[in-house]
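# What the coordinates show
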Amino acid sequence: MELVNGSWFQPPTLLLTGISGLEAVQIWISIPLCVMYLTALLGNCIILFVIKTTSSLHVPQYIFLSMLATTDVGLSLSTLPTVLRVFLLNRREIEFHSCLTQMFFIHTFSSMESAILLAMAFDRFVAIRNPLRYTVILTSPRIIGMGIAAVFRGVMLMVPLPILLKKLSFCKDVVLSHCYCYHPDVMKLACGPIRINIIYGLSLVLCSFGVDSVLIVISYILILKTVLGIASEDGQFKALNTCVSHIFTVCIFYVPLIVLALIHRFGTFTSPVLHVTMANLFLFLTPVLNPLVYSLKTKQIRSVIHKVFKGRGNLLLSRVA
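Residues numbered from 1 in each chain as written. Predicted model: local features only at pLDDT ≥ 70, side-chain atom pairs only at ≥ 80, totals over all residues. Heavy atoms only, no water.

Under an unreviewed UniProt entry, the protein has the name Olfactory receptor and belongs to Mustela putorius furo. In its Function (unreviewed entry) section, UniProt records this for the protein: "Putative odorant or sperm cell receptor." (UniProt positions renumbered as here; feature names shortened; annotations may be inferred.)

Here it is, written out as structure tokens:
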């Protein structure tokens with residue numbers, strides 16, 4: 001790093017980290033990573049295609065699902081360049097401003113996903129609590145408004161992150177803990193006071209992920225209360241069955257996020273392997289599993305996908321014949 005007039009300034013490049021001690025086999029690790037990226041991108045694009053081309057799926061539940069698939073595609077594309085470059089090409093360097101840009105998009109798409117999961121919880125709450133007014137409450141303008149609000153909140157909350165980091169001086173090692181740029185990770189490399197960054201980062205987590213998770217829990221408490229009031233066990237099962245996919249998605253999104261945040265808060269007590277594992281789970285778990293869960297669990301999507309591939313197969317066989 002360069003010392004100018006007795007002060008340390010921003011580094012021209014930062015170094016990303018793959019898996020410490022396994023650098024020799026990282027090219028082999030890149031194979032399953034490529035498979036996971038392909039699964040995430042292809043799976044979510046199939047979900048978007050099915051919902052867009054099937055008029056019967058143009059209802060609030062599946063519109064929210066298409067929003068979720070879009071954020072998963074955005075999150076995957078945000079991390080794809082650096083992750084594959086580190087593991088496939090063993091190129092660890094990333095320009096400082098490129099790092100800040102990637103960090104902004106990762107955090108923005110994560111915030112958007114959290115907001116959409118909250119909207120999906122509200123959708124299930126209305127569907128179970130007040131099914132007769134479902135279409136009256138969740139109108140197209142309101143759904144569009146929720147989507148715009150998720151994007152606006154994500155962008156507005158995350159814009160200060162790179163701005164605050166650009167004001168810092170860096171005099172420590174420029175080696176990051178992950179194969180992508182993550183705000184707490186970059187912030188730790190700075191020298192001098194980072195109190196404002198810490199306070200804003202904590203406020204951001206509480207105001208977005210914290211509030212969303214609390215409201216999701218409250219929604220499901222009210223849903224459970226309503227379900228327990230249903231007389232028949234069959235009716236209770238059907239009502240809860242509509243929530244299974246969303247509950248699973250909430251768990252696979254928030255659990256790695258919370259653990260990763262705790263690791264960065266109490267990082268001195270954790271192993272590097274745990275750092276890498278939770279960082280990669282945060283990256284891949286939700287984008288990879290969401291389309292698989294909704295494709296397998298949702299009968300309407302599963303039947304449409306089956307019809308599409310069956311029709312394509314019959315067409316191919318007819319051409320060959």
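### Focus: the overall build of the protein
When its secondary structure is counted, the protein shows twelve helices and six strands. The proportion of buried residues among the 321 residues of the protein is 45%. Considering only contacts in the protein between residues 6 or more positions apart, those separated by 24 or more positions represent 77%. By element, 72% of the accessible surface of the protein is carried by carbon and sulfur atoms, the whole surface being about 16,800 Å². (Helix = DSSP H or I, 4+ residues; strand = E, 2+ residues; numbered from the N terminus. Buried < 20%, exposed > 50% of the residue type's maximum accessible area, 1.4 Å probe, protein only. Contact = heavy atoms within 4.5 Å. Areas by Shrake-Rupley, 256 points an atom, 1.4 Å probe, with all protein chains shown as cover.)

### Comments concerning the UniProt feature "transmembrane region" (unreviewed entry) in the protein
Under the present numbering, the feature "transmembrane region" (unreviewed entry) in UniProt falls on residues 27-50, 62-84, 104-122, 143-165, 198-223, 244-267 and 273-293. Between the end C-alpha atoms of residues 27-50 the distance is 34 Å, and the span holds 100% helix and 0% strand. Secondary structure across residues 62-84 comprises 100% helix and 0% strand; the distance between its end C-alpha atoms is 32 Å.

### Here's the deal with the packing of helix 2 (residues 60-89) against helix 5 (residues 140-158)
The geometry of helix 2 relative to helix 5 is characterised by a closest axis approach of 11 Å and an angle of 20 degrees between their N-to-C directions. Here helix 5 runs roughly parallel to helix 2, going by the angle between their axes. Crossing of helix 2 over helix 5 shows right-handed handedness. Contact residues: P60, I63, F64 and M67 in helix 2; I143, M146 and G147 in helix 5. Counted by class, the contact of helix 2 with helix 5 contains six nonpolar, one polar and no charged residues. (Axes fitted to C-alpha atoms, helices over the stretch in contact; angles between N-to-C directions. Parallel < 35°, antiparallel > 145°, perpendicular 65-115°, else oblique. Left-handed = near helix turned anticlockwise from the far one by under 90°. Nonpolar A, V, L, I, M, F, W, Y, C, P; charged D, E, K, R; others polar.)

### Points about the state of the cysteines
The tally for this structure, following the rule as stated, stands at one disulfide. At a sulfur-sulfur separation of 2.0 Å, the disulfide partner of C99 is C181. Between C99 and C181 the disulfide shows an S-S torsion of about -125 degrees. By sign, it is left-handed. Here C181 lies in the loop between strand 5 (169-170) and helix 7 (183-187) and C99 lies in helix 3 (residues 96-129), a separation of 82 residues in the sequence. Both residues of the pair, C99 and C181, belong to the buried class. (Disulfide = S-S within 2.5 Å.)

### Details of unusual backbone geometry
In this model, N90 sits at a positive phi of 55 degrees, which is unusual for a non-glycine residue. Relative to the assigned elements, N90 resides in the loop between helix 2 and strand 4 (93-95).

### Considerations on the packing of aromatic side chains
Any aromatic ring pair is given by two values, namely how distant the centres are and how the planes are angled relative to each other. Taken as a whole and assessed by the stated rule, the structure comprises seven aromatic pairs. An aromatic cluster is built from F104, F105 and F109, whose rings are joined through pairwise contacts. (Phe/Tyr/Trp six-rings, centres within 6.5 Å; stacked < 30°, edge-to-face > 60°.)

### Here's the deal with a nonpolar patch on the surface
On the surface, V25, I27, W28, I31, V35, L88 and L89 cluster together to form a nonpolar patch covering roughly 680 Å² of accessible area. Elements supplying a minimum of two residues to the nonpolar patch: helix 1 (26-53) and helix 2. In this structure, W28 sits in helix 1. Looking at W28, the relative accessible area reads 60%, which means it is exposed. (Patch = residues over 30% accessible without salt bridge, like charges linked within 9 Å, V, L, I, M, F, W, Y side chains within 5 Å. Salt bridge = Lys/Arg side-chain N within 4 Å of Asp/Glu carboxyl O.)

### Things to note about the packing of helix 3 against helix 5
Where helix 3 contacts helix 5, the axes come no closer than 8 Å and their chain directions differ by 145 degrees. The handedness of the crossing between helix 3 and helix 5 comes out as right-handed. Contact residues: F104, H107, T108, S111, M112, S114, A115, I116, A119 and F122 in helix 3; M146, A150, V151, R153, G154, V155 and M158 in helix 5. Tallied by class, residues from the contact of helix 3 with helix 5 come to eleven nonpolar, five polar and one charged.

### A short note on the confidence of the model for the protein
Chain-level statistics for the protein give a pLDDT mean of 83 and a share of 86% at 70 or above. Across the protein, element-level confidence peaks in helix 5 with a mean pLDDT of 94 and bottoms out in strand 1 (residues 3-4) with 46. In the predicted structure, residues 1-7 sits below a pLDDT of 50 and forms twelve contacts with residues beyond four places in sequence or in another chain. (pLDDT = per-residue confidence, 0-100.)

### As for the pattern of salt bridges
Under the criterion given, the structure shown has three salt bridges. Close ionic contact of R124 with D123 constitutes a salt bridge, the shortest N to O distance being 2.9 Å. In this structure, R124 and D123 share a single accessibility class: buried. Note that D212 is salt-bridged to R153, the shortest N-O span being 2.7 Å. Taken together, the residues span a long stretch of sequence, with D212 in helix 8 (residues 195-228) and R153 in helix 5 at a distance of 59 residues.

### Quick look at helix 3
For the α-helix, the turn length of 3.6 residues means that residues three or four positions removed from each other point alike. The terminal C-alpha atoms of helix 3, which comprises 34 residues, lie 49 Å apart, in line with the 50 Å expected from a rise of 1.5 Å per residue. Among the 34 residues in helix 3, 27 count as buried, and that is most of the element. Capping of helix 3 at its N-terminal end is provided by E95; its side-chain oxygen lies 3.0 Å from the backbone amide nitrogen of H97. (Expected span 1.5 Å × (residues − 1). Polar contact = N/O pair within 3.5 Å; in protein donor to acceptor, adjacent residues only side chain to side chain.)

### Quick word on the environment of F170
Relative to the helices and strands, F170 is located in strand 5. Here F170 falls in the buried class, since its relative accessible area comes to 1%. Measuring from C-alpha to C-alpha, the distance between F170 and P11 comes to 6.8 Å, with 159 residues separating the pair along the chain.

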